Amino acid sequence: MREFFGIGGFARTAEGFMSWQHLTFVTSLVVAMVVLAVVLGRRYRLADDKAKNGVLIAAALLIDGFELFKIVFSCVEDPSSWRTMLPLFLCSIQLITIPLAAFSKGRLKEASLDFVVIFGILGALLGTFGAAQNYNAYPVLSFPNVVSGITHTIAGFASLYILIAGMASMKKRNIVITFVILLGFCVAAYVANITLDYNYMFLMRGDGTPYDILYNLVGGHPVFYPLGVVVLFLVYIVGYYAMYYLCTKKKVKEPITIA
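Please read these numbers as outputs of a predicted model, since none were measured by experiment.

(A) The arrangement of helix α3 (residues 49-77) in detail. An ideal rise of 1.5 Å per residue puts 42 Å on 29 residues; α3 measures up with 42 Å between its terminal C-alpha atoms. For α3, the full list of buried residues reads K52, N53, V55, L56, A59, A60, I63, E67, K70, F73 and S74. Contacts from the buried residues of α3 go to α1 (2-5), α2 (20-44), α4 (94-103), α5 (106-126) and α7 (143-164).

Below, the structure is given as structure tokens:
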């Protein structure tokens, strides 16, 4: 258990990003994520809203519970670790939006459900198959990677479940709220990066992730790179909405409004 939690440091050498151990572990998590989402989504698709929402409540409690345990444990081991564990990564937004989707009502609930749908799967794949930083730093079967894998795939599960259970509204008017949520986190993450000299939401550099492509393309420019990351987020949101309407043949006529 000391070795799993890394108490006193890991004796094992990290197997590395894209090693067979890494790919086997994250593939198992993603398969379990998809199977659970399909089974539960189909089971509750015709159920009432309260029954559907019960699954989301469980997902919200689990994702926040795992993350809180990780933060508390890490801070007990190293009180200064809070500097690198603030919920300001792209995937960390789900720690807030999944509970909002589960416990809020009205338009806020609609927008939160849509946000989880749009970014849940992306975060799950980036945080498992694309997590070069984690898997190059820690052994695959270690506390940091296991908890990270679980929380990312819970977000992916919630995204798929919402779609399959028919809970997504994907109303055009909610695009503005989605933009505001994302931009708010980007601003907070950038301020934290400058203050703490860190790399939340990969706004400062790629760190071995696919963001390195953009970083190298702009030569690591301190303004163009973070702006480029934000623009990619916004393009992704618009593209997701467009693909959703195309695939579902859904026509939405209401105007985009903030109020």
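Next comes the rest of the write-up.
(B) Local environment of a nonpolar patch on the surface. Among the surface-exposed residues, V31, V35 and V39 lie close enough to one another that they form a single nonpolar patch of about 230 Å² accessible area. Assignment of secondary structure puts V39 in helix α2.

(C) Structural detail: unusual backbone geometry. The residue M18 is not glycine, and still its phi comes out positive at about 70°. For M18, the position within the fold is in the loop between α1 and α2.

(D) Here's a closer look at the environment of I162. Looking at where I162 falls in the secondary structure, it is placed in helix α7. Taking the C-alpha atoms as reference, I162 lies 19 Å from R173; in sequence the two are 11 residues apart. If sequence neighbours within four positions are ignored, I162 has contacts with L56, L113, V116, V117, M167 and A168.

Procedures and definitions
- Residues numbered from 1 in each chain as written.
- Predicted model: local features only at pLDDT ≥ 70, side-chain atom pairs only at ≥ 80, totals over all residues.
- Heavy atoms only, no water.
- Helix = DSSP H or I, 4+ residues; strand = E, 2+ residues; numbered from the N terminus.
- Expected span 1.5 Å × (residues − 1).
- Buried < 20%, exposed > 50% of the residue type's maximum accessible area, 1.4 Å probe, protein only.
- Contact = heavy atoms within 4.5 Å.
- Patch = residues over 30% accessible without salt bridge, like charges linked within 9 Å, V, L, I, M, F, W, Y side chains within 5 Å.
- Areas by Shrake-Rupley, 256 points an atom, 1.4 Å probe, with all protein chains shown as cover.
- Salt bridge = Lys/Arg side-chain N within 4 Å of Asp/Glu carboxyl O.

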